[in-house]
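Summary of the model geometry
For reference, the chains in residue letters:
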Amino acid sequence: MKSIKKTVCFVLCIALIFNASSVLKTNGDEGKNEVKKVLFIGNSMTFYNNLWNVVQGLAKRNGHDIEVESATNPGKTILYNASAQNCVEAMKKGGYDVVVLQDIVGGFDADILQQGVDKIVPIIKKFSPNARIVFYEPWPVKHMIEKPGSYLPYFTDNYIKAAKKVNGDLAPAGEGFYDLYVNHKKDYYCKDGKHPTPLATFLAASTIYFAIYKDEGVKKFEEAEHADLDALIINNIEHTTEGVQDSYKLDDLNLIYSIGHKYARAVEDATSGKGKYTSLGYEPPKVYKVPKVKIKKAVKKKKTLKITLKKTKGITGYQVFVSKKKNCKKKLYKKTIRAKKAIKKGILTLKSKKFKAKKLYVKVRAFIEDDMFVNHYGKWSKVKKVKA
């Protein structure tokens, strides 16, 4: 009898262990396949080629049962969409796990982006309290993407700022687009120099996918998956006939997918406040070597001060500082001179009632003006006593 009881107990224990392991396995699988309800709010950069459907397709390929909705208005900002009827109605449905926000490309303004974020996020949180905000950063228009003068850092820095402000995440498709365009010579612009061809949409979708699923690694697509990937891209082509192909190179798809992963991960520390990210379009400030000025003589006659300088080349102008003090620190008179004739001859003629003082001291420095109308100054000359 005792042996029978022992046998029954043993069988029950084995059954409980097996059942527990099955439950754990099931829970793990359910976690992996957890439904993510995602809302996309943007403009034509979002509705070209049905971006949300491509994101959904990538998610389902990796075992995520994702539901997507969209509310878009062509050429409109996040600020506009915060009160647009279709967007408000979509947000009021609630129950979203993720909301993807995208601002305009042409005429992008960082202040308006921040105003839009301040207005739209409270509405999202009211109806979807647990929603995570993911910003989709597109790329600048074609004539503004490359160095020198790339607008990409302006885009990226301010999207990072926006994401950081709301404890959100960033899908920096603009960074990946720049990498493909500049480093891989892949031009995925439509002819208008702004909108995405199908492969540009695939890049945006890849970047957004990895921003949503932060623990996902990148896996190389195999040839057996090629036809399905082509179908995902081709079946969602809308609003453009540019860049349309019967089939896309698998190597290109793998490159784009891996770049989406690369930059989604690259900005994570910056958006969380743990680190910084430097945009691919960043240019170190130019160092201007402004020559030091030498005063040959300074002579005063009544209200006129004439300063003769050693001629200086490659400058925009001079700044003159006049003082009653020998150390020439307390200002009596200060003037910036840009006259080409004065620069060419090295002779500065100034008139002021302030020059009546018996003792005057003067110093001069040159400056160079950059393309943004900022003056870069050289060192001050030695102080020269003005002769009467």
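About the criteria used
- Residues numbered from 1 in each chain as written.
- Predicted model: local features only at pLDDT ≥ 70, side-chain atom pairs only at ≥ 80, totals over all residues.
- Heavy atoms only, no water.
- Helix = DSSP H or I, 4+ residues; strand = E, 2+ residues; numbered from the N terminus.
- Rg over C-alpha atoms; globule rule 2.2 N^0.38 Å.
- Buried < 20%, exposed > 50% of the residue type's maximum accessible area, 1.4 Å probe, protein only.
- Contact = heavy atoms within 4.5 Å.
- Areas by Shrake-Rupley, 256 points an atom, 1.4 Å probe, with all protein chains shown as cover.
- Lys, Arg positive; Asp, Glu negative; His and termini not counted.
- Charge placed at Lys NZ, Arg CZ, Asp CG, Glu CD.
- Pairing = 2+ DSSP bridges.
- Axes fitted to C-alpha atoms, helices over the stretch in contact; angles between N-to-C directions.
- Phe/Tyr/Trp six-rings, centres within 6.5 Å; stacked < 30°, edge-to-face > 60°.
- Lys NZ or Arg CZ within 6 Å of the ring centre and 35° of its normal.
- Parallel < 35°, antiparallel > 145°, perpendicular 65-115°, else oblique.
- Left-handed = near helix turned anticlockwise from the far one by under 90°.
- Nonpolar A, V, L, I, M, F, W, Y, C, P; charged D, E, K, R; others polar.
- Right-handed = clockwise from strand over helix to strand, strands pointing away.
- Polar contact = N/O pair within 3.5 Å; in protein donor to acceptor, adjacent residues only side chain to side chain.

**Here's the deal with the overall build of the chain**
- The secondary structure content of the chain amounts to 13 helices and 13 strands.
- On C-alpha atoms alone, the chain measures out to a radius of gyration of 32 Å, which is more than a quarter above the 21 Å that the 2.2 N^0.38 rule sets for 388 residues.
- Dimensions of the chain, computed from C-alpha atoms along their principal axes, come out at roughly 125 × 60 × 40 Å.
- Classification of the 388 residues of the chain by burial places 49% in the buried group.
- Within the chain, counting contacts between residues at least 6 apart in sequence, those at least 24 apart form 74% of the total.
- Counting only carbon and sulfur atoms, one obtains 53% of the accessible surface of the chain, whose full area is about 21,100 Å².
- Averaging the locations of the 73 positively and 38 negatively charged side chains of the chain gives two centres separated by 30 Å.

**So, the sheet that holds strand 1 (residues 36-42)**
- In space, the 5 strands of this open sheet follow the order 2-1-3-4-5, with parallel pairing throughout. Since the sheet does not close on itself, it has two edges, and those belong to strand 2 (66-72) and strand 5 (169-171), each with one partner. Along the sheet, successive strands turn relative to each other by an average axial angle of 25°, direction set aside.

**As for the packing of aromatic side chains**
- For the coordinates displayed, the defined rule picks out 17 aromatic pairs.
- With a centroid separation of 5.0 Å and 65° between ring planes, the pair formed by Y333 and F355 is classed as edge-to-face. Linking Y333 in strand 9 (residues 333-337) with F355 in the loop between strand 10 (347-351) and strand 11 (361-369), this pair joins segments that are 22 residues apart in sequence. Each of the two residues, Y333 as well as F355, counts as buried.
- Every member of this aromatic cluster is reached through a ring pair, and the members are F108, F135, Y151, Y154, F155 and Y159.
- Sitting over the ring of Y96, K37 keeps its end group 4.9 Å from the ring centre.

**Section: the packing of helix 8 (residues 173-183) against helix 9 (residues 198-212)**
- Between helix 8 and helix 9, whose axes approach to 9 Å, the crossing angle comes to 135°. Here helix 9 runs oblique to helix 8, going by the angle between their axes. Helix 8 and helix 9 meet at a crossing whose hand is right-handed. Packed against helix 8, whose contacting residues are A173, G176, F177 and L180, the element helix 9 presents A200, L203, A204 and T207 at the interface.
- Among the residues forming the contact of helix 8 with helix 9, the class breakdown is 6 nonpolar, 2 polar and no charged.

**Structural notes on the pairing of strand 4 (residues 132-136)**
- Most of strand 4 is tucked away, with 4 of its 5 residues classed as buried.
- As paired strands, strand 3 (residues 98-101) and strand 4 are joined by 4 bridges and run parallel to one another. Each bridged residue has a counterpart across the sheet, and for V98 the counterpart in strand 4 is R132.
- Pairing of strand 4 with strand 5 involves 3 bridges; the strand directions are parallel. Note that in strand 5 the partner of V134 across the bridge is D169.
- Handedness of the crossover is the feature at issue here: the chain leaves strand 4, passes through helix 7 (residues 152-165), returns alongside strand 5, and the resulting connection is right-handed.

**Some remarks on the side chain of S44**
- Relative to the helices and strands, S44 resides in helix 2 (residues 44-47).
- Owing to a relative accessible area of 8%, S44 belongs among the buried residues under this scheme.
- A distance of 2.6 Å separates a polar atom in the side chain of S44 from a polar atom in the side chain of H195.
- Dropping the residues within four chain positions of it, S44 is found in contact with P74, G75 and H195.

**Let's talk about unusual backbone geometry**
- A cis geometry characterises the amide bond from K147 onward to P148, with omega recorded as -5°.
- Here P148 lies in the loop between strand 4 and helix 7.
- The backbone phi angle of N167 is positive, close to 55°, even though this residue is not glycine.
- The residue N167 is located in the loop between helix 7 and strand 5 in this model.
- Non-glycine residue H239 carries a positive phi angle of around 70°.
- Of note, H239 is situated in the loop between helix 10 (226-234) and helix 11 (250-266).

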